[in-house]
Amino acid sequence: MRFDILSIFPEMFAPLINYGIIGRAVKGGQIEIHVVNIRDFGEGRHLMTDDKPFGGGDGMVMKPEPIFRALESIPRVKGERKVILLTPQGQLFNQAIARSLTKLKQIVLVCGRYEGVDERVRSTYVDMELSIGDYILSGGELPAMIIVEVVSRLVPGVLGGARSNLEESFEDYLLEYPQYTRPRVFQGEEVPSVLLSGDHGRIRLWRRTQSLKRTLERRPDLLEKTRLSEMDNSILKELKQEQGRSSGLSNQG
Ligand code: SAM
């Protein structure tokens, strides 16, 4: 998988490319990350990349020509590619979109700044618009890093154990169960004894129950999307009864 990122602040990507799982995947050749400095394709003597908006108004708009030239400079790899614009007006990014993007061979991410990019970049080049949340950031760099990180984790070979992906929150629309490590007792709080039992069947059941409980408590909307087994449904029934009993008790209190 090859990522090409267009930005006026290419230095921002150094930590992503050099550290952690993504750094290892770049070194190992499972992914490639290329950052293109839009300023290198700027207009005139001052290499301008932005200008005042037509029609007036605050702020600056990123000019189309430098972005067009920067996009044209990117080599095409064999296979499917998408040009993605980071924008708060885009489709809300999630794990399912990330999984669908792993089918591509090349992802080009365009990072906006200021008031955003000239509309003609969207209409001519952009295949998809993504937002990382309903809030406004100053630039598309952080959203681009998030997309590179989330998609790369799903690329075969990037994570050591293939299972670790499947068990993570959102992979099956359930939140993950609580995790514990040493020490066994910390500030008076003990690790649940089942995790120390060595009984893998009981541990699996405890983890599934905790996953269902967390999802029911924190993100019940996700339960509509996930495929639940008969056993999951009977665990959920009990959890809901428990919830009902404790809310009844707190109403009494
Ligand atoms: N005026 C624009 C609007 O209202 O849609 C917002 C511009 S924002 C200050 C500057 C750039 O940051 C955007 O062009 C986009 O690339 C990026 N950005 C800001 N918030 C974002 C979000 N939630 N998701 C993705 N990109 C975002």
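Bear in mind that the values here come from a model prediction, so they are computed numbers and not experimental data.

## Observations regarding the environment of Phe-41
Now for step 1: Here Phe-41 is to be found in the loop between strand S2 (32–37) and strand S3 (50–51).
Now for step 2: By relative accessible area, which is 22% here, Phe-41 ends up partly exposed.
Now for step 3: Through-space distance from the C-alpha of Phe-41 to that of Ala-70 is 6.1 Å; in sequence the pair is 29 residues apart.
Now for step 4: Here Phe-41 is in contact with Val-36, Pro-66, Arg-69, Ala-70 and Ser-73, once residues within four sequence places are set aside.

## Quick notes on the site of the ligand
Now for step 1: Residues in close proximity to the ligand total 20 residues, the closest being Leu-86, Gln-89, Gly-133, Tyr-135 and Leu-137.
Now for step 2: In this structure, Thr-87 approaches the ligand through a main-chain N or O atom, which is 3.4 Å from a nitrogen atom.
Now for step 3: Ile-132 places a main-chain nitrogen or oxygen 3.1 Å from a nitrogen atom of the ligand.
Now for step 4: Here the ligand, which alone exposes 580 Å², has 85% of that area covered by the protein.
Now for step 5: When residues of the shell around the ligand are traced back to their parent elements, those giving at least two are strand S5 (81–92) and strand S7 (128–131).
Now for step 6: Taken together, the residues of the shell around the ligand break down into 9 nonpolar, 9 polar and 2 charged.

## Things to note about the nonpolar core
Now for step 1: In terms of nonpolar packing, the biggest core is built from 31 residues, with Leu-101 and Leu-109 touching the most fellow members.
Now for step 2: Mapped by element, the contributors of at least two residues to this core are strand S1 (2–7), helix H1 (14–18), helix H2 (20–28), S5, helix H4 (95–101), strand S6 (106–110), S7 and helix H6 (141–153).
Now for step 3: In terms of residue count, H6 provides more of this core than any other element does, 6 residues in total.
Now for step 4: If we ignore the near neighbours within four places in the chain, the residues touching Leu-109 are Phe-3, Asp-4, Ile-5, Leu-6, Ile-84, Leu-86, Ala-144, Ile-147 and Val-148.

## Observations concerning the domain arrangement of the protein chain
Now for step 1: Per the domain assignment, the segments of the protein chain are domain 1 (2–152) and domain 2 (185–252).
Now for step 2: When each unit is reduced to the centre of its C-alpha atoms, the spacing between domain 1 and domain 2 is 40 Å.

## Section: the side chain of Thr-87
Now for step 1: On the secondary structure map, Thr-87 appears in strand S5.
Now for step 2: Under the relative-accessibility criterion, Thr-87 is labelled buried at 7%.
Now for step 3: Side-chain polar atoms of Thr-87 contact the backbone nitrogen of Gln-89, separated by 2.9 Å.
Now for step 4: With sequence-adjacent residues up to four places away left out, Thr-87 is seen in contact with Arg-122, Glu-129, Leu-130 and Ser-131.

## Observations concerning the packing of aromatic side chains
Now for step 1: Counted according to the given criterion, the structure contains 1 aromatic pair.
Now for step 2: Between Phe-68 and Tyr-125 the ring centres are 4.9 Å apart and the planes differ by 85°, which places this aromatic pair in the edge-to-face class. Of the two residues, Phe-68 sits in helix H3 (residues 64–72) while Tyr-125 sits in helix H5 (residues 119–125), which places them 57 residues apart along the sequence.

## A few points about H3
Because an α-helix packs 3.6 residues into every turn, residues spaced three or four apart end up facing the same way.
Now for step 1: Among the residues making up H3, those that are buried are Pro-64, Pro-66, Ile-67, Ala-70 and Leu-71. All buried residues of H3 fall inside an arc of 170° around its axis, so they share one side.

## Overview of the packing of helix H8 (residues 200–218) against helix H9 (residues 230–252)
Now for step 1: In the contact formed by H8 and H9, the axes pass within 10 Å of each other and the chain directions differ by 55°. When the interaxial angle is binned, H8 and H9 end up oblique. Here the hand of the crossing between H8 and H9 comes out right-handed. Mapping the contact onto sequence places Leu-205, Arg-208, Thr-209, Leu-212, Lys-213, Leu-216 and Glu-217 in H8 and Met-231, Asp-232, Ile-235, Leu-236, Leu-239, Lys-240, Glu-242 and Gln-243 in H9.
Now for step 2: Among the residues making up the contact of H8 with H9, the classes are represented as 7 nonpolar, 2 polar and 6 charged.

## Here's the deal with the pattern of salt bridges
Now for step 1: Applying the stated criterion across every chain, the model contains 13 salt bridges.
Now for step 2: Linking Arg-2 and Asp-4 is a salt bridge whose minimum nitrogen-to-oxygen distance equals 2.8 Å. In terms of burial, Arg-2 and Asp-4 fall into one category: buried.
Now for step 3: Across the pair Glu-129 and Arg-122 runs a salt bridge whose closest N-O atoms are separated by 2.6 Å.
Now for step 4: Via salt bridges that share partners, Arg-2, Asp-4 and Glu-32 belong to a single interconnected network.

Conventions adopted
- Residues numbered from 1 in each chain as written.
- Predicted model: local features only at pLDDT ≥ 70, side-chain atom pairs only at ≥ 80, totals over all residues.
- Heavy atoms only, no water.
- Helix = DSSP H or I, 4+ residues; strand = E, 2+ residues; numbered from the N terminus.
- Buried < 20%, exposed > 50% of the residue type's maximum accessible area, 1.4 Å probe, protein only.
- Contact = heavy atoms within 4.5 Å.
- Near = heavy atom within 4 Å.
- Polar contact = N/O pair within 3.5 Å; in protein donor to acceptor, adjacent residues only side chain to side chain.
- Areas by Shrake-Rupley, 256 points an atom, 1.4 Å probe, with all protein chains shown as cover.
- Nonpolar A, V, L, I, M, F, W, Y, C, P; charged D, E, K, R; others polar.
- Core = buried A, V, L, I, M, F, W, Y, C linked by side-chain atoms within 4.5 Å.
- Domains from an automatic or database assignment.
- Phe/Tyr/Trp six-rings, centres within 6.5 Å; stacked < 30°, edge-to-face > 60°.
- Arc of directions from axis to C-beta.
- Axes fitted to C-alpha atoms, helices over the stretch in contact; angles between N-to-C directions.
- Parallel < 35°, antiparallel > 145°, perpendicular 65-115°, else oblique.
- Left-handed = near helix turned anticlockwise from the far one by under 90°.
- Salt bridge = Lys/Arg side-chain N within 4 Å of Asp/Glu carboxyl O.

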